[in-house]
Amino acid sequence: MPTKKKPQVTPSPERRRELLDTAAEVFAAQGYNATTVRRIADEAGMLAGSLYYHFDSKESMIDEILSTFLTELWEGYDAVLAAELGPRETIEALVTESFREIDRHRAAVAIYQKESKHLATQPRFAYLVDSQQKFEKAWLGTLERGVTAEVFRADLDIRLTYRFVRDTVWVAASWYRPGGQHSPEEIARQYLSMVLDGIALDT
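Note that the structure is predicted; figures quoted are calculated from it, not measured. (Residues numbered from 1 in each chain as written. Predicted model: local features only at pLDDT ≥ 70, side-chain atom pairs only at ≥ 80, totals over all residues. Heavy atoms only, no water.)

**A word on the overall build of the protein chain**
Here comes step 1: What the protein chain contains, in helices and strands, is nine helices and zero strands.
Here comes step 2: Taken from the N to the C terminus, the helices and strands of the protein chain come in the order α-α-α-α-α-α-α-α-α.
Here comes step 3: Along the first, second and third principal axes, the C-alpha atoms of the protein chain reach 90 × 35 × 30 Å.
Here comes step 4: Counting the 203 residues in the protein chain, one finds 40% classified as buried.
Here comes step 5: In the protein chain, 70% of the contacts between residues at least 6 apart in sequence involve partners at least 24 apart.
Here comes step 6: Split by element, the accessible area of the protein chain, about 12,100 Å² in all, is 53% carbon and sulfur.
Here comes step 7: The positive charge centre, built from 25 side chains, and the negative charge centre, built from 31, are 8 Å apart in the protein chain. (Helix = DSSP H or I, 4+ residues; strand = E, 2+ residues; numbered from the N terminus. Buried < 20%, exposed > 50% of the residue type's maximum accessible area, 1.4 Å probe, protein only. Contact = heavy atoms within 4.5 Å. Areas by Shrake-Rupley, 256 points an atom, 1.4 Å probe, with all protein chains shown as cover. Lys, Arg positive; Asp, Glu negative; His and termini not counted. Charge placed at Lys NZ, Arg CZ, Asp CG, Glu CD.)

**Focus: the UniProt feature "DNA-binding region" (unreviewed entry) in the protein chain**
Here comes step 1: Per the UniProt record, the feature "DNA-binding region" (unreviewed entry) sits at residues 36-55.
Here comes step 2: Here residues 36-55 runs as 60% helix and 0% strand, with 13 Å between its end C-alpha atoms. (UniProt positions renumbered as here; feature names shortened; annotations may be inferred.)

**What to know about the environment of T35**
Here comes step 1: As for its placement among the helices and strands, T35 is situated in the loop between α1 (13-30) and α2 (37-44).
Here comes step 2: For T35, the side chain forms a polar contact with the main-chain oxygen of G31, separated by 2.7 Å. (Polar contact = N/O pair within 3.5 Å; in protein donor to acceptor, adjacent residues only side chain to side chain.)

**Details of unusual backbone geometry**
Glycine aside, a negative phi is what most residues show, and trans is what most peptide bonds show.
Here comes step 1: Positive phi is not limited to glycine here, since E84 has a value of about 55°.
Here comes step 2: Turning to its location among the elements, E84 is positioned in the loop between α4 (58-82) and α5 (87-104).
Here comes step 3: At E150, a residue that is not glycine, the phi angle is positive and equals roughly 60°.
Here comes step 4: Examined against the element boundaries, E150 turns out to sit in the loop between α7 (126-148) and α8 (158-170).
Here comes step 5: For E150, a relative accessible area of 72% translates into the label exposed.

**Concerning the packing of α5 against helix α9 (residues 184-197)**
Packed helices, taken two at a time, are described by the angle between their axes plus the distance between the axes.
Here comes step 1: Interaxial distance between α5 and α9 falls to 9 Å at its minimum, and their mutual angle equals 140°. On the basis of their axis angle, the class for α5 and α9 is oblique. α5 and α9 meet at a crossing whose hand is right-handed. Judged by residue contacts, R88, I91, E92, V95, T96, F99, R100 and D103 of α5 engage P184, E185, I187, A188, Y191, L192, L196 and D197 from α9.
Here comes step 2: Residues belonging to the contact of α5 with α9 are distributed by class as follows: nine nonpolar, one polar and six charged. (Axes fitted to C-alpha atoms, helices over the stretch in contact; angles between N-to-C directions. Parallel < 35°, antiparallel > 145°, perpendicular 65-115°, else oblique. Left-handed = near helix turned anticlockwise from the far one by under 90°. Nonpolar A, V, L, I, M, F, W, Y, C, P; charged D, E, K, R; others polar.)

**Concerning the UniProt feature "domain: HTH tetR-type" (unreviewed entry) in the protein chain**
Here comes step 1: Residues annotated by UniProt as "domain: HTH tetR-type" (unreviewed entry) correspond here to residues 13-73.
Here comes step 2: Along residues 13-73 one finds 75% helix and 0% strand; the C-alpha atoms at either end are 21 Å apart.

**A look at the packing of aromatic side chains**
Here comes step 1: Following the criterion strictly, the structure yields 11 aromatic pairs and no others.
Here comes step 2: Judged by centre distance (5.6 Å) and plane angle (45°), the ring pair of F27 and Y32 falls under tilted. Y32 carries the same exposure label as F27, and that label is buried.
Here comes step 3: Between F99 and Y191, the ring centres sit 4.9 Å apart and the planes meet at 70°, which makes this aromatic pair edge-to-face. Here Y191 lies in helix α9 and F99 lies in helix α5, a separation of 92 residues in the sequence. Assigned by exposure class, F99 and Y191 land together as buried. (Phe/Tyr/Trp six-rings, centres within 6.5 Å; stacked < 30°, edge-to-face > 60°.)

The following block contains the structure:
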């Protein structure tokens, strides 16, 4: 007798997203190399073999986590840059959009910070290098525009300022928790007040 074919399992988009969210939390906590498919499956409450119905490898999972995060990040950033705001307003909008992305993809941001340098050496993750170069160009260009327009101080070291603002914003992923006391927009407002106006009173 002919054997019956095993029915194909078609995971729902919702279940796929749940599994990716679980994987992202594990990758962020343990690191990519230390994370096994079995550990992700355990956290998801399923057998390791069952996870392969949804993803062919942990590499596929981290790829989708990072590419989804960066796609959404650039949708927001590109909209800000296309608006042709003034330099200060552009910085304000980019910082606010950054905190919104941390709110939506906190674990992915943590993974990106820890793993992107290593992953970017693999052809599959070449887009990480492209994104970093584009990111740097957007921020440096805006800061330079602000100095030229005399909106920002002429004595600013543009690259040092970029690194300071970048690191100050994105390190928030290490402590930020969605649903906390402050919204992403309120945290962005406080950060911008300190970065752009300082913390000392004028005397």
